[in-house]
Amino acid sequence: MHIAHDGLQLPTIGFGTYKLKGNEGADSVAAAIDRGYTLLDSAFNYENEATVAEGVRRSGAARENIIYTSKLPGRHQAYDDATVTIEESLYRTGFDYLDLYLIHWPNPRVGKYVEAWQAMIDAKERGLIRHIGVCNFLPEHLEELKKETGVVPEVNQVELHPYLPQVEQLAYGHANGIITEAWSPLRRGDLLQDPVITKIASAHDATPGQVVLAWHTARDVLAIPKAFSPERQAENLASLDLTLEPAEIEAITALGRPDGRINDQDPAVYEEF
Ligand SMILES: NC(=O)C1=CN([C@@H]2O[C@H](COP(=O)(O)OP(=O)(O)OC[C@H]3O[C@@H](n4cnc5c(N)ncnc54)[C@H](OP(=O)(O)O)[C@@H]3O)[C@@H](O)[C@H]2O)C=CC1
Ligand SMILES: O=C(O)C(=O)[C@@H](O)[C@H](O)C(=O)CO
């Protein structure tokens, strides 16, 4: 479990949904919920907010047991536009409220993330969204939100995996009560052959994916792995049964490299609309 500065409690691990769409996507989301996932990560830009909500309905899970997340795209950060976009996200799901809404990227050169944040604070007041946070915000962007609005995000979702361990960013989150979520926690599968990881997996009779997810959990990071099949969904969830030794955690963290980002998306300069 992860706890934010205001007492928000989120589960240890969540479920990513990027690229899960349509009938198959809804079945995959429903299967994930049946396996035990409760936190679902969607986005306006994934064009699957309705699919993920359909997956919730197909699962038969009680709405109050689900933490449904979506995100505000860069092109809709102006205050009025952000307000309408939050309403649109909500209507796409057919729910009465969304549990968590995040600014998707800061796009600092555009300079509108503070007004987007104010729109989210106000939408929260109206009960449309229950909790608010950001993605890809560097400490300087988070400081700006605090200075301008006095409201600190509950969550910051950033690229984080063994090739990009984000040591300083994670320390900032811990110091400020901001839950750090890891996007692409498995680096989209392309580090699972790394010999450091496969050796640790053999030692524990676990899979490489489980080792990487256990590393996230040990560092108090909320990973949101995406997996289409129920088998992989269960495999990833079972990482919760795996405890790594401190030396193993250190060895995985030491895999970090300056060019570790998947697509060189440095939030200081990268812009996504
Ligand atoms: N805020 C942001 O800017 C961003 C947010 N995100 C969020 O983060 C989520 C997770 O990141 P994502 O980019 O999907 O990448 P992940 O690191 O979660 O990797 C997903 C890939 O790994 C495969 N996979 C899953 N589990 C295993 C396993 N145990 N062994 C081997 N392969 C496995 C999946 O295949 P298969 O599905 O076929 O099983 C898929 O191809 C996204 O779905 C999205 O919700 C992602 C990018 C940016
Ligand atoms: O998946 C997301 O949330 C994104 O922000 C993507 O655009 C991600 O940055 C990506 O897949 C880029 O190739």
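Shown above is the structure to which this text applies.
Numbering of residues starts from 1 in each chain and follows the order in which that chain's sequence is written. Lettering of chains starts at A and numbering of ligands starts at 1, both following the order in which they are written. With pLDDT at 70 or above as the cut-off, local features in this predicted model cover only qualifying residues; side-chain atom pairs require 80 or more to be listed or tallied, and sums for whole chains, interfaces and linings still use all residues. Hydrogens and water are ignored here; the side-chain numbers use all heavy atoms of the structure.

K.L.:
Could you clarify how one ought to interpret the site of ligand 2 in this entry?
P.N.:
When at least one non-hydrogen atom of a residue lies within 4 Å of a molecule or strand, that residue is treated as near it. All residues in the neighbourhood of ligand 2 are listed as Y18, Y46, H104, W105, R188, N263, Q265 and E272. Think of a polar contact as two N or O atoms within 3.5 Å of one another; within protein, one of them needs to be a possible hydrogen donor and the other a possible acceptor, and neighboring residues in sequence only count if both atoms come from side chains. Contact distances for ligand 2 include 2.4 Å between an oxygen atom and a side-chain N or O atom of Y46. E272 has a polar side-chain atom sitting 2.8 Å from an oxygen atom of ligand 2. Accessible surface is estimated by sampling points in the Shrake-Rupley manner with a 1.4 Å probe; for residues, cover comes only from the protein chains shown. Considered on its own, ligand 2 offers 330 Å² of accessible surface; in the complex 79% of this is hidden by protein. Gly falls in the polar group here, along with every residue not listed as nonpolar (Ala, Val, Leu, Ile, Met, Phe, Trp, Tyr, Cys, Pro) or charged (Asp, Glu, Lys, Arg). Classifying every residue of the shell around ligand 2 by side-chain character gives 3 nonpolar, 3 polar and 2 charged.

K.L.:
Please explain the pairing of strand 6 (residues 98-103) as it appears in this structure.
P.N.:
Moving residue by residue along a regular strand, the side chains alternate between the two faces of the sheet. When a residue's accessible area, from a 1.4 Å probe over protein chains only, is under 20% of the maximum for its type it is buried; when over 50% it is exposed; and in between it is partly exposed. What counts as a helix is a DSSP run of H or I of at least four residues, what counts as a strand is a run of E of at least two, and both are numbered from the N terminus. Counting buried residues in strand 6 gives 6 out of 6 residues, a clear majority hidden from the surface. Two strands are counted as paired when DSSP detects at least two bridges linking them. Here strand 5 (residues 67-72) pairs with strand 6 via 4 bridges, running parallel. Paired with T69 across the strands is L100, a residue of strand 6. Look down the strands so they point away from you; if going from the first strand over the helix to the second traces a clockwise path, that crossover is right-handed. Each parallel crossover has a hand, and the one from strand 5 via helix 3 (residues 79-93) to strand 6 is right-handed. Pairing analysis gives 5 bridges linking strand 6 to strand 7 (residues 129-135), with the strands arranged parallel. Following the sheet pairing, L100 is matched in strand 7 by H131. For the crossover that starts at strand 6, traverses helix 4 (residues 113-125) and ends in the parallel strand 7, the hand is right-handed.

K.L.:
What should I look at first to understand the nonpolar core in this one?
P.N.:
As a rule of thumb, nonpolar side chains are buried together in soluble globular proteins. As used here, the term nonpolar core means buried Ala, Val, Leu, Ile, Met, Phe, Trp, Tyr and Cys residues forming a set that is joined through side-chain atoms within 4.5 Å. In terms of nonpolar packing, the biggest core is built from 62 residues, with L40, W117, M120, I129, V211 and L244 touching the most fellow members. For this core, the leading source of residues is helix 4, giving 7 residues. When sequence neighbours within four positions are dropped, the list of residues in contact with I129 reads I86, L98, Y101, M120, A123 and K124. Within the second largest apolar cluster, 12 residues are counted, among which are A4, L100, I179 and I224. Any two residues whose heavy atoms approach within 4.5 Å are treated as being in contact.

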